[in-house]
Amino acid sequence: MRTLFAILLLLLTLPPTAQAIDTEALFAARKDSVFQIRVLERSSASKSSIGSGFLVSRQGHIISNYHVVAALVHKPERYQLEYVAQDGRRGPLQLLDVDVIHDLALLRTDAPLSGAALELAAQPPLQGERLYSLGNPHDLGLTIVEGIYNGLLDKSLYDKIHFTGAINPGMSGGPTLNRNGAVVGVNVATGGNQLGFLVPVTHVARLLGDLQQPPPPAEQLTRRIRDQLLANQERYMDRLLAAPLASAELEGYRVPGQLGDFINCWGDSQRHPEQLIERVQQSCSSQDDIFLGEKQNSGAIRYRHELYRSLELGTARLYRYLEQRLQNADAWLGGERDRVSNFACDSGLVQGDGLSFKAVLCLRGYKKLADLYDVVLLAATLNRDDQVLLTTLALSGVSLDNARRFPQAYLESIRWIR
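Residues numbered from 1 in each chain as written. Predicted model: local features only at pLDDT ≥ 70, side-chain atom pairs only at ≥ 80, totals over all residues. Heavy atoms only, no water.

A. Here's a closer look at the overall build of the protein chain. Secondary structure summary: the protein chain contains 7 helices and 24 strands in total. Relative to its 418 residues, the protein chain shows a buried fraction of 48%. Long-range pairs, those at least 24 residues apart, make up 62% of the contacts in the protein chain with a sequence separation of at least 6. Working note: accessible area of the protein chain is about 20000 Å², and carbon and sulfur atoms make up 50% of it. (Helix = DSSP H or I, 4+ residues; strand = E, 2+ residues; numbered from the N terminus. Buried < 20%, exposed > 50% of the residue type's maximum accessible area, 1.4 Å probe, protein only. Contact = heavy atoms within 4.5 Å. Areas by Shrake-Rupley, 256 points an atom, 1.4 Å probe, with all protein chains shown as cover.)

As structure tokens, then:
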């Protein structure tokens, strides 16, 4: 009996940090610092899209996601920004700066705001620590969601927090808080089923540290995005090309394999008796595409190897079957015509290490982001009558130099080994 009494006494005297967090009190204390961010179509003054944002300074600076405000970046003559506070007040927003690599935007309003600037956490959370995400899911009003901090993603080019909690569309740009109400991350994406992703708050601090006054004109902001993308692609391309490309074996060929821990690869095989063809396939792609706008991402690396064997099919018919695979480079990369040029392609015969290829290299430029290109390489071996190795490589948002040197290294790494 005394033992039971001692346990009950211990539970009643635990320090406050070991007790359950009062979510209601946390929400009440921080709700006035979180806003709905609206992108309005100017001519109709109607909502085009929504997201969330939070106050970070007494001067009216608000953090959100780049993808929330991207429409304004691309078409400032068509769109404008507006915040909506929890008490229903609303006002215009200026876009001051972006970190397109980490999907952040810095906004500002001159209107008086009732909320206090949220503190940025000085230390990352502990593994398993409970966190609290705020935002405006599906335009249903401000919501608080409890979740768990599961550390930074291992297989990623960029810092991303794995948050086990329900982040839904409309919560993008909202803050995720620790038990003390300090911001540890910014809501950025969901994988569904309680799988969420956050931008670590260190990148918010860096964006605030680079704050420029007065607000830049639209063309200067576009140049800043272009400079960020160019610097970023140089970093990961140098990393990939610092050593010979990692390889894998595919039915007697040595081909580019998993080139980095941020790239995932899958394999499969199929037999088509009615077409007299057997196919073995390996596909690889990066997991960290950078959002630029609707239907356009940058920083993508995708490649696929397909070994076709002819089952009683003549050489001519086999190559006619494959001709369609050497076309339509656009199918590998998105992009709208007002943002990218048409692909210009060049084809020819390429000699490799004991292999001959029919190769097609296609290139297109970004219209508003000078010196950035998308490239698609398609190549088929010519050495054997009964089989063909078809390989396809697609890169988005690289410099002209990297659009040349990476496909060259890629082709040179393919070998026949038996």
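The discussion continues.
B. Quick look at the sheet that holds strand 14 (residues 253–256). The 3 strands are arranged 13-14-24 in an open sheet whose pairing can be described as antiparallel. Looking at which strands have only one partner, the edges of the open sheet turn out to be strand 13 (247–250) and strand 24 (415–416). Sheet topology places strand 14 next to strand 24; 2 bridges connect them, and they run antiparallel. Counterpart to Arg254 in the pairing with strand 24 is Arg415. (Pairing = 2+ DSSP bridges.)

C. The arrangement of the pairing of strand 7 (residues 130–135) in detail. Of all 6 residues in strand 7, 5 are buried; the element is thus mostly enclosed. In this structure, strand 7 lies alongside strand 8 (residues 143–152), joined through 6 bridges in antiparallel fashion. Note on strand 8: the bridge partner recorded for Tyr132 is Glu146. Summarising the sheet, strand 7 and strand 10 (residues 175–177) pair through 2 bridges and their orientation is antiparallel.

D. Layout of the environment of Ile290. Inspection of the secondary structure puts Ile290 in strand 17 (residues 290–293). For Ile290, a relative accessible area of 2% puts it in the buried group. Residues Ile290 and His67, 223 residues apart in the sequence, show an inter-C-alpha distance of 9.6 Å. With sequence-adjacent residues up to four places away left out, Ile290 is seen in contact with Val100, Ile101, Tyr158, Leu229, Asn232, Gln296, Asn297 and Ser298.

E. Representation of the sheet that holds strand 11 (residues 183–192) in the model. Strand order in the closed barrel formed by 6 strands is 7-8-9-12-11-10, with antiparallel pairing between adjacent strands. Between one strand and the next, the sheet's axes are offset by a mean angle of 45°, whatever the strand orientation. Where strand 8 meets strand 9 (residues 161–164), 3 bridges bridge the pair, whose relative direction is antiparallel. What sits directly across from Ile148, in strand 9, is Thr164. Packed onto the sheet, helix 4 (residues 201–209) meets strand 11 and strand 12 (195–200) and runs at close to 35° relative to strand 12. (Axes fitted to C-alpha atoms, helices over the stretch in contact; angles between N-to-C directions.)

F. Here's a closer look at the packing of aromatic side chains. On inspection of all chains with the given rule, the structure shows 4 aromatic pairs. Measuring from ring centre to ring centre gives 6.5 Å for Tyr66 and Phe291, while their planes differ by 65°; the resulting arrangement is edge-to-face. A residue pair is termed long-range when its members are at least 10 positions apart, and Tyr66 in helix 3 (residues 66–74) and Phe291 in strand 17 qualify at 225 residues. (Phe/Tyr/Trp six-rings, centres within 6.5 Å; stacked < 30°, edge-to-face > 60°.)

G. Geometry of the nonpolar core. By size, the foremost hydrophobic cluster in this structure holds 64 residues, and its most contacted members are Leu95, Leu107, Leu229 and Phe406. Broken down by element, this core gets its largest block of residues, 7 residues, from helix 5 (residues 218–241). Apart from residues no more than four positions distant in its own chain, Phe406 is found in contact with Met237, Leu240, Leu241, Leu245, Leu259, Leu393 and Leu395. Grouped together as the second largest cluster of nonpolar side chains are 21 residues, Leu96, Leu118, Leu134 and Val183 included. (Core = buried A, V, L, I, M, F, W, Y, C linked by side-chain atoms within 4.5 Å.)

H. Focus on helix 4. All of the buried residues in helix 4 are Val201, His203, Val204 and Leu207. For helix 4, the buried positions fall inside an angular range of 150° around the axis, keeping them on one side. Packing partners of the buried residues in helix 4 comprise strand 3 (61–64), strand 5 (90–99), strand 6 (104–108), strand 11 and strand 12. (Arc of directions from axis to C-beta.)

I. Here's a closer look at the side chain of Asn187. Structurally, the position occupied by Asn187 is in strand 11. Polar contacts involving the side chain of Asn187 include one to the side chain of Ser133, which spans 2.9 Å. Within the structure, the side chain of Asn187 is placed 2.7 Å from the side chain of Thr176, a separation counted as a polar contact. Setting aside anything within four residues of it in sequence, one finds Asn187 in contact with Asn65, Ser133, Leu134, Ile167, Met171, Ser172, Gly173, Gly174, Pro175, Thr176, Phe197 and Leu198. (Polar contact = N/O pair within 3.5 Å; in protein donor to acceptor, adjacent residues only side chain to side chain.)

J. Structural view of the side chain of Thr176. With respect to the helices and strands, the residue Thr176 is situated in strand 10. The exposure class of Thr176 is buried, given its relative accessible area of 0%. Among all residues touching Thr176, those that are not within four sequence positions of it are Leu131, Tyr132, Ser133, Phe163, Ala182, Val183, Val184, Gly185, Asn187 and Leu198.

K. Up close: the confidence of the model for the protein chain. Of the residues in the protein chain, 87% have a pLDDT of 70 or more, and the chain-wide mean is 88. Predicted confidence is poor over residues 7–19, with pLDDT under 50, and the contacts of this stretch with residues over four places away or in other chains come to 2 contacts. (pLDDT = per-residue confidence, 0-100.)

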